[in-house]
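Results of the structural survey
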Amino acid sequence: MRIAVLIHLLGVIVWVGGMFFAHVCLRPVAAEQLPPPQRLPLLAAVLGRFFRAVTVAVVAILVTGFWRFGELAGSSIPWHWHAMATTGMLMAAIYAAILLRFYPRLKAAVAAQDWPAGGAAMNAIRTLVLVNLNLGVLTVVVALLGS
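Per chain, residue numbering runs from 1 following the sequence as it is written. Since the coordinates come from a predicted model, pLDDT governs what is reported: local features require at least 70, and pairs of side-chain atoms require 80 or more to be given and counted, while whole-chain, interface and lining totals use all residues. Excluded from the side-chain calculations are hydrogens and water; all other atoms, namely the structure's heavy atoms, are used.

**A closer look at the overall build of the protein**
For helices the rule is a DSSP run of H or I covering at least 4 residues; for strands it is a run of E covering at least 2, with both sets numbered from the N terminus onward. From N to C terminus, the protein includes four helices and zero strands. Listed by position from the N terminus, the elements making up the protein come as α-α-α-α. In terms of overall dimensions, the protein has a C-alpha envelope of 55 × 25 × 20 Å along the principal axes. Remark: exposure states derive from per-residue accessible area (1.4 Å probe, protein chains only) relative to the maximum for the residue type, with buried under 20%, exposed over 50%, and partly exposed in between. Relative to its full complement of 147 residues, the protein shows a buried share of 36%.

The following block contains the structure:
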């Protein structure tokens, strides 16, 4: 079971830590120093790599989380596990929207050199990443304070 918890935690670190880095460190500096024709291709490429890692992390988090639930089937499951599962599923849904709806728009805009459309897609991604970052931090707080 410790291996499952380790995998779960590593997935959370990759996902939440990566969102923090991208939102708080990378994007603001890129916005300050690069014009859209340079910034948007850079961010699209960085997000492509990040999203591949996050997809693996999300799958690992969901599998190990539900595995832990399954082990306690029939017994009392702690309230904070339910809270973590709820926020985790919401975060996964938001991530799916980013990955399947807005990231393809960003890539298409970059390929067409349509900087206003790329900026709009990046803005939507940025907003949803901020929501997920806040949900991720809340989930970590619940996990630690609930146990």
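**Brief notes about the packing of helix α2 (residues 36-71) against helix α4 (residues 115-146)**
Axis definition: a line fitted to C-alpha atoms, limited for helices to the stretch in contact. Angles are taken between N-to-C directions and run from 0 to 180 degrees. Closest axis-to-axis distance for the α2/α4 pair is 10 Å, and the angle between their directions is 45°. Compared by their axis directions, α2 and α4 come out oblique. Between α2 and α4 lies a crossing whose hand is left-handed. Side by side, α2 and α4 meet where Pro36, Pro37, Leu40, Pro41, Leu43 and Leu47 of the first sit next to Trp115, Gly118, Gly119, Met122 and Ile125 of the second. Its residues assigned to classes, the contact of α2 with α4 comprises nine nonpolar, two polar and no charged. Roughly parallel here means an angle under 35 degrees, roughly antiparallel means over 145, roughly perpendicular means 65 to 115, and every remaining angle is called oblique. Two helices cross in a left-handed way if the nearer one is turned anticlockwise from the farther one by less than a right angle. They cross in a right-handed way if the turn is clockwise. Two residues qualify as a contact provided that any one of their heavy atoms is within 4.5 Å of a heavy atom in the partner residue. Gly is placed with the polar residues, together with every amino acid not listed as nonpolar (Ala, Val, Leu, Ile, Met, Phe, Trp, Tyr, Cys and Pro) or charged (Asp, Glu, Lys and Arg).

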